[in-house]
Amino acid sequence: DVKVTQSSRYLVKRTGEKVFLECVQDMDHENMFWYRQDPGLGLRLIYFSYDVKMKEKGDIPEGYSVSREKKERFSLILESASTNQTSMYLCATRPLQGAARQPQHFGDGTRLSIL
Amino acid sequence: DQQVKQNSPSLSVQEGRISILNCDYTNSMFDYFLWYKKYPAEGPTFLISISSIKDKNEDGRFTVFLNKSAKHLSLHIVPSQPGDSAVYFCAARANNAGNMLTFGGGTRLMVKP
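No experiment lies behind these values; they were computed from the predicted model shown.

Visitor: Would you explain the interface of chain B and chain A in this entry?
Guide: Accessible area lost upon the coming together of the parts is a frequently used measure of interface size. If you look at the interface, chain B gives 19 residues, while chain A gives 25 residues. The largest per-residue losses of area from chain B upon contact with chain A belong to N99(B), M100(B) and F103(B), which jointly make up 32% of the total buried on that side. Where chain B meets chain A, there are zero salt bridges. The interface formed by chain B and chain A includes four residue pairs in polar contact (both at pLDDT 80 or more). Elements that contribute at least two residues to the side of chain B that touches chain A include exactly β4 (30-38), β5 (45-51) and β9 (86-94) of chain B. Element by element, the count of residues in the side of chain B that touches chain A is highest for β4(B), at four residues. Looking at the side of chain B that touches chain A residue by residue, the classes come out as 10 nonpolar, six polar and three charged.

In structure tokens form, the structure reads like this:
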């Protein structure tokens, strides 16, 4: 069974702070993703990574960066947090093998509030 | 502009009846569709998928129908159970977009006992 662990369930930060959200998976999956979920907008892709040290922008990368130094860990970084980044953040993984028909596996999410 | 739309933000159904959740899309490059279910305080979990070469896929109580000409898919749950109460997301993948999924806004299903 795939285990995707997000380091915090709830996080409160202040405007202008640098914020790190961590995601760890235990299935040796190559692909990892960061989404944010907002009411009525569904899940929107921020960044994804094909493999270690590789990253691609998603639909809404502005204000975010990512780091993938090890295969099992994918970090989302808010360089200077703003109130419009208050959201639910979801990490997902997927294996490369058979990727075309493989679903993504999600963590339980981090609810981030920026004050 | 949302390429995947779920026009009903919520749906209420009596236990034992059929639940029908709808999803419309605009991108003709989408060739694979998925449904995810999400409970509060949990991440989405994969439910069922369908390839564009099919028009129906069934898995137990869950059936997904795809109408390519109308760019419409639907998820049928029969019979509905209170444990099915959750938010359901439709997602689509384009054949030229590699790993990326595009999600709809979600529909909250409430199944009343």
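Visitor: Can you help me understand the packing of aromatic side chains in this one?
Guide: For any pair of aromatic rings, geometry is given as the distance between the ring centres together with the angle between the planes. Tallied over the full model, the rule gives 13 aromatic pairs over all chains. Look at F48(A) and Y50(A): their rings are 5.3 Å apart centre to centre, the planes differ by 75°, and that puts the pair in the edge-to-face class. Through a chain of ring-to-ring contacts, the aromatic side chains of F33(A), Y35(A), F48(A), Y50(A), F106(A), Y36(B), F46(B) and F103(B) assemble into a single cluster.

Visitor: Would you mind going over the pairing of strand β7 (residues 62-67) of chain B with me for this structure?
Guide: Consecutive side chains of a regular strand alternate in pointing toward one face of the sheet and then the other. Residues and elements named next belong to chain B. As paired elements, strand β6 (residues 56-59) and β7 share four bridges and run antiparallel to each other. When the bridges of β7 are listed, D59 appears paired with F62. Remark: two residues form the turn of the hairpin made by β6 and β7, two consecutive strands paired antiparallel; G60 in that turn has positive phi of roughly 65°. The hairpin turn running from β7 into strand β8 (residues 72-77), its antiparallel successor, is four residues long, and K71 in that turn takes a positive phi close to 50°.

Visitor: Would you mind going over the pattern of salt bridges with me for this structure?
Guide: Any two side chains of opposite charge can pair if their charged atoms end up close together. Scanning all chains against the criterion turns up nine salt bridges over all chains. Residue E30(A) is joined to K71(A) by a salt bridge in which the shortest nitrogen-to-oxygen separation is 3.5 Å. With a gap of 41 residues between them, E30(A) in the loop between β3 (19-25) and β4 (31-38) and K71(A) in the loop between β7 (64-70) and β8 (73-78) connect regions that are remote in the sequence. Here R61(B) and D84(B) are joined by a salt bridge, their closest N and O atoms 2.8 Å apart. A residue pair is termed long-range when its members are at least 10 positions apart, and R61(B) in the loop between β6 and β7 and D84(B) in the loop between β8 and β9 qualify at 23 residues. Given a relative accessible area of 21%, R61(B) falls into the partly exposed group. One network of salt bridges, with partners in common, ties together D28(A), E30(A) and K71(A).

How each quantity is defined
Residues numbered from 1 in each chain as written. Chains lettered and ligands numbered in written order. Predicted model: local features only at pLDDT ≥ 70, side-chain atom pairs only at ≥ 80, totals over all residues. Heavy atoms only, no water. Contact = heavy atoms within 4.5 Å. Buried area = accessible area lost by both parts, 1.4 Å probe. Salt bridge = Lys/Arg side-chain N within 4 Å of Asp/Glu carboxyl O. Polar contact = N/O pair within 3.5 Å; in protein donor to acceptor, adjacent residues only side chain to side chain. Helix = DSSP H or I, 4+ residues; strand = E, 2+ residues; numbered from the N terminus. Nonpolar A, V, L, I, M, F, W, Y, C, P; charged D, E, K, R; others polar. Phe/Tyr/Trp six-rings, centres within 6.5 Å; stacked < 30°, edge-to-face > 60°. Pairing = 2+ DSSP bridges. Buried < 20%, exposed > 50% of the residue type's maximum accessible area, 1.4 Å probe, protein only.

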